[in-house]
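Chain residues, written in single-letter form:
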Amino acid sequence: MSVAATALGITLLVDVLRVWLPSIITIFGQAAATPAELMGAFALMWFVLALGAPPLVRLVGARPVLLVAAVVLGGCRAALGATPGGQAQLYVASVGLLAGLVWLAATATAATRPVAGLVLGLATATVLHTALDTLDLTWRADVLSYALTGAVVAVFLALVWRAEPGTEPGTGPGRAAPWLLAGPALLLSGMLAGSPALATTAVSYLYGPGPGTAGTTPLGDTWPAAVTAAAVALFVGAGLARPPRGPVRWLVPVPLLAGTVMFATAVPALLIPAILLTAAGLGACLARSAPASAAPDPAGSAAAAGPAERPGERRSGFAAVGGMVVFAVGAVLYYSAYDLGYPNQWVPVLLALFVAAVAVRTPGPVPVPVRAVRRPALVTAVAAVVTVLAAIAVPNNAVPVRESEPGPVRVVAYNIRMGFGLDGRFDLDGLVDVVAGQRADVVALSEVDRAWLLNGGHDTLALIADRLGMRYVFAPAADPVWGDAILTRLPVTEARTVRLTALGAPTGAQALATVLDTGIGELVVVSTHLQPPPDDGPVVQAGEVVRFATGYAAGRPLVLAGDFNTEPGDPAFQAFTDAGLVDALAAARPLPTAPADAPDEQIDHIFVSADLTATDAAAPPSTASDHLAVAVTVDRARP
């Protein structure tokens, strides 16, 4: 199996996973309405089924399995862009995932340079994700996207068809070690080392208008692209270079372990070094795991795998599937914590320890001639340049600040459910249409995800802000990439965030306060998302938000907006009105906001201080999220 075929197959598998993972949450799980244990069992089932692939390869041979699995993987990847969402999306993605796992197992019995294929495949996935501004072709649904997807699938199938297992340059199929690392490497790359959304988020923390907040990057996509380019260069360079041998090999995993520990601290200032160190260390560990027989043959000779190698080939097949089971378990353990409430920061570190242990225990590849590493160096340079150019080609999201104009301010509060609509598709256009239709000046967003692989690895906030022509302020609630935001074209003079008491809600809660220079004077806007404890209301958090917001406003006009998870008349709701705040939606009630397709409860609210008036309340219909947005126009109260 050629390196190019392996790399393209890995890229397609990553594409399918970016759809399959959020489909598990939004379609099968209905955004936490299904127990996390059941979602985890359903997810793991597809990986366990793939354990039947190595015996199938032994029974019928690698080539037939490769061809059939490649056709199904490519077909499902192409079909995902045209699915209407819902159960069709879930099961097309699931079949595509299973086909990808079977293809990976069959490839492990045939590929002679596994590390090169894995490294270039993951790097290609990162470059494409960056070039598309983290909005993958699957979610674009236009003729050009369909054509590009079809072209990639066609090239992949042609490469698989032309490749003869065991006859590529080298001396036979690789050992099991690199295939065992394929799954953990994919997870660590998607979560951290190869995540352009994480790079964007990391850079945005350098421009937050207040402590602990993130803000729009003045240079748009340029600096995040540079971080991603450096990560790609380090990953490819380390992954394809000659790894050290002897006692020095014990130092190979150090950057990987250091990077994942930095990531685990959840300190925003450490995200950029965490990305770079993890990328370099992950590439080096993959290079260290390369089989000695996989070194390029200087003479360019080819050798076919013989019958005596078949037991090793079967081990490689099981290792490939086993590594992807590690991927599934790691992903479930990491992301289930946000529903079940246990510390999950150790999961990436454990994955790094697993990768390190496998890497340092292998003897390592045989030394290669200097001329054999020229091509990896060239690939490294090209990958870095392409990443930067692709990101710069995307429209710059740096938005000029608009001078305040006399007149009232239109405020919108919207729980966007990570950007996914009720049909399970990433509905960026639907979200933007709702906000733009209200001609909003200020937008308070809840459930903002900026890099979770579980949700496809998008920077949802930057994508929405760019399309609305607004700048943003972001504050984390659970980790540095999940929380709440305020978008506006108006000048932001300061900001502050405060964490709220966690009462059994793993995703956490915070309150983000900003001071805006508006047409009605200085205005304090607070965005929050209260998380009630099981079988109770968010009374404690409501009291904390009231004290923080009113104290921060210090007599200035105040708007408090978000998903409060409480209805009018409940004790938590009463905490706001008892503090003198006015329900800005009262005149339009009943105004139910959830669920979006048949709303029967009002849990999204906007409160204003007594020196403001609120008019033109609305909850525009849309299924771009599981909540409806709420909007009001605020103005100074007349004496």
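Draft legend 1. Quick peek at unusual backbone geometry. Following Arg589, the chain continues into Pro590 via a peptide bond in cis, with omega recorded as 10°. Phi at Asp133 is positive, roughly 60°, even though this residue is not glycine. Relative to the helices and strands, Asp133 is located in the loop between α6 (114–131) and α7 (143–162). Phi is positive for Asn565, close to 50°, though the residue is something other than glycine. In this fold, Asn565 is placed in the loop between β9 (558–563) and α20 (571–578). Since its relative accessible area comes to 25%, Asn565 is described here as partly exposed.

Draft legend 2. How the structure looks around the packing of α6 against helix α9 (residues 182–193). Relative to each other, α6 and α9 sit at 25°, their axes nearing to 11 Å. Taken together, the axis directions place α6 and α9 in an arrangement best described as roughly parallel. As for how α6 packs across α9, the hand of that crossing is right-handed. Within the contact between the two elements, α6 uses Leu118, Leu122 and Thr126 and α9 uses Ala182, Ala185, Leu186 and Ser189. By residue class, the composition of the contact of α6 with α9 is five nonpolar, two polar and no charged.

Draft legend 3. Summary view of the packing of aromatic side chains. Considering all chains together, one arrives at 17 aromatic pairs under this definition. Judged by centre distance (6.2 Å) and plane angle (35°), the ring pair of Phe47 and Phe327 falls under tilted. Of this pair, Phe47 sits in helix α2 (residues 36–49) while Phe327 sits in helix α14 (residues 310–340), placing them 280 residues apart in sequence. Taking the relative accessible area as the measure of exposure, Phe47 reaches 1% and is therefore buried. Through a chain of ring-to-ring contacts, the aromatic side chains of Phe28, Phe42, Trp46 and Tyr91 assemble into a single cluster. The positively charged end of Arg63 is found above the aromatic ring belonging to Trp161, 5.3 Å away from the centroid. The side chain of Arg556 reaches across the aromatic face of Tyr552, ending 5.7 Å from its centre.

Criteria and cut-off values
Residues numbered from 1 in each chain as written. Predicted model: local features only at pLDDT ≥ 70, side-chain atom pairs only at ≥ 80, totals over all residues. Heavy atoms only, no water. Helix = DSSP H or I, 4+ residues; strand = E, 2+ residues; numbered from the N terminus. Buried < 20%, exposed > 50% of the residue type's maximum accessible area, 1.4 Å probe, protein only. Axes fitted to C-alpha atoms, helices over the stretch in contact; angles between N-to-C directions. Parallel < 35°, antiparallel > 145°, perpendicular 65-115°, else oblique. Left-handed = near helix turned anticlockwise from the far one by under 90°. Contact = heavy atoms within 4.5 Å. Nonpolar A, V, L, I, M, F, W, Y, C, P; charged D, E, K, R; others polar. Phe/Tyr/Trp six-rings, centres within 6.5 Å; stacked < 30°, edge-to-face > 60°. Lys NZ or Arg CZ within 6 Å of the ring centre and 35° of its normal.

Worth remembering: the numbers are spatial, not functional.
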